[in-house]
Structures are given as C-alpha cells and as structure tokens.
Amino acid sequence: MKPTRLLKGIFQHFDAHGNVIADERWQIVPRADGSVQLDNETTRVAPFDEPRSDSMGLALDAKLNLVKFSVHGLFGQRESLVRSDAESPNRVVVCWRHKSEVNEWRLPWDDQTWLSWNTPLLLMAAVWRLGLQPGESRTWTVYALDAVTFRPRRTTRTYSRLDDTTHPVRFGTLRLAHYVEEDAEGTRAEFWCDEEGFLFECRAPELRYVLTAANLRLT
C-alpha cells in the first residue's frame, strides 16, 4: 500500500492538556519509478520544550524501504540524518547535531525496523510498509528519535489492526481502519486511517495528532 497521487494536508499537534503545540504542513509525492517522497514544515510553539520551526524529508524506494530521513530546525542549529550505510546493507548511519556538537551512530537495520519521531508521516509510512489486515499484528524494532534532540532510543513496537469502525473526524464520521501501537514500555497509541493508509487522528497519552485539511478522497 502506497500513495499513487500528490497529496497535501495539515496536521495539528496537541499535548496531553489539549494545548496546540504545532501546526504541520505536509505533502506526499509519488515518483514515476515507484519511490515516494514525504516532506513537511512544522511550527512548534510553547509548551513544546523547544519552540522552533523545522522541516523533515523522508525518501522511500519503490518497495517502501528507507533511503534517507532528515530534519533541519532551530534556524539550522539542530539537524538529524538517517541514511543507509554504504559499508553494510544491514545498518543505517544516524547523525544528530546541535550547533557544533555532532553525534553519529551506526545501527542495525532490516525490513522490520523503522523510525519514530513526532510527526504522523512516519506512522503513515509504517502503515504502508506493514500492510496489515484486520486482526493482524506485527512487532518491529523502532528507533525513536527524541522530540527535541533527535537522539535515537531503541525499542520494540507492536502494531495491530483492529476491526474497521466508524469514527468522528474533522471531515465528518467516516468508516476507517483502526490501529493500535504499543511499545516495549507499555505506552499505547490508537490511530485511524482511511483505506489508503492516510492518518486522520492519533491519540497517545502525551500527544494527539489531528488531520485538519487535506486533498484526500473522503467517499
């Protein structure tokens, strides 16, 4: 499952108290060779720990494998880069920088490994890659990047697709695929996507994403 046409939209991010902490404008561009490019620009405001603007790029190949993930923020003072390791097909190079402080790790990677950060785009890409049917679950290794610093933390996450359900969203009450994500520490998130895997809402204990505008098919 992957997009076949240009898509654009806006997400709002809410903290646990219902405060809007970010507006995220995004686009998803499918290429003629089957690869996909996802990009966003996000403005983060207090009470987010580091108010700033940042932009993310995620490149996937025709089989939805990771090619490159990058983030640039804080007026170029903070960056992250995750890319395949030229020396080993089973590793990625993860870099994160704040001003003159630069860190680099080489980490194991396979087709059941993924990234997590505070954008719904990575969760949508996970849904495309998983291709779960109702009643199916799968556990993956995930490198969760810190929301502020981008420092990676290794964990495992189990993705489960429940029965499809009707769910109220900003565009009305729609028939949507219902998913649950649970990590090794027991943190649980619920999210709802359409039949193409585009996320309408995600609810986690400390963060909620809501799709507020998009050129999606809603019928």
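Everything below is about the structure printed above this text.
These lines cover the structure that appears in this document, whether it is placed above or below. (Residues numbered from 1 in each chain as written. Predicted model: local features only at pLDDT ≥ 70, side-chain atom pairs only at ≥ 80, totals over all residues. Heavy atoms only, no water.)

## Points about the pairing of strand 4 (residues 52–60)
Buried residues dominate strand 4, accounting for seven of its nine residues. Where strand 3 (residues 36–44) lies against strand 4, nine bridges are found, and the strand directions are antiparallel. The residue of strand 4 that forms the bridge with T42 is D54. Pairing of strand 4 with strand 5 (residues 66–73), which is carried by seven bridges, proceeds in the antiparallel orientation. (Buried < 20%, exposed > 50% of the residue type's maximum accessible area, 1.4 Å probe, protein only. Helix = DSSP H or I, 4+ residues; strand = E, 2+ residues; numbered from the N terminus. Pairing = 2+ DSSP bridges.)

## So, the pairing of strand 7 (residues 88–98)
Bridge count between strand 6 (residues 78–85) and strand 7: eight bridges; the pairing is antiparallel. Within strand 7, the residue paired with D85 across the bridge is S88. Between strand 6 and strand 7, which pair antiparallel in sequence order, lie two residues. In this sheet, strand 8 (residues 101–108) lies alongside strand 7 in antiparallel orientation, the contact comprising eight bridges. In the strand pairing of strand 8, H98 is matched with E101. Between the end of strand 7 and the start of strand 8, which pair antiparallel, lie two residues, with K99 showing a positive phi angle near 55°.

## Side note on the layout of surface pockets
Reported here for the largest pocket is a volume of approximately 970 Å³. Lining the largest pocket are 39 residues; nearest its centre among them are N118, R157, E206, L207 and Y209. Of the residues contributing to the lining of the largest pocket, the split by class is 21 nonpolar, five polar and 13 charged. (1 Å grid on protein atoms, 1.4 Å probe; cavity = no way out; pocket = protein on both sides within 12 Å on 5 of 7 lines; lining within 4 Å. Points joined across faces, edges and corners; volume = space filled by probe spheres on them. Nonpolar A, V, L, I, M, F, W, Y, C, P; charged D, E, K, R; others polar.)

## Focus on the environment of Y179
Note that Y179 resides in strand 13 (residues 172–183). The spacing of Y179 and Y159 is 20 residues in sequence and 7.1 Å in space, taken between C-alpha atoms. The residues touching Y179, leaving out its near neighbours within four places in the chain, are V127, L132, S160, R161, A189, E190, F191 and C193. (Contact = heavy atoms within 4.5 Å.)

## Here's the deal with the side chain of T113
The residue T113 is located in strand 9 (residues 113–116) in this model. Separated by 2.9 Å, the side chains of T113 and D110 make a polar contact. Residues within four places of T113 in sequence aside, it is in contact with P108, R129, T141 and Y143. (Polar contact = N/O pair within 3.5 Å; in protein donor to acceptor, adjacent residues only side chain to side chain.)

## Some words on the state of the cysteines
In this structure the tally under the stated criterion is zero disulfides. Take C193: it sits in no disulfide, and the sulfur closest to it among the cysteines is that of C202, at 8.8 Å. For C193, a relative accessible area of 0% gives the class buried. Judged by its relative accessible area of 4%, C202 is buried. (Disulfide = S-S within 2.5 Å.)

## What about the nonpolar core?
Membership of the largest hydrophobic core comes to 54 residues, with the highest contact counts inside it found for I28, L58, L66, F69, W114 and W128. Ranked by residues supplied to this core, first place goes to helix 1 (residues 120–130) with nine residues. Apart from the residues lying within four places of it in its own chain, the contact partners of I28 are P3, R5, L6, L7, V36, Q37, L38, L121, M124, W128 and F198. (Core = buried A, V, L, I, M, F, W, Y, C linked by side-chain atoms within 4.5 Å.)

Remember, this is a structural readout, not a statement about activity or role.
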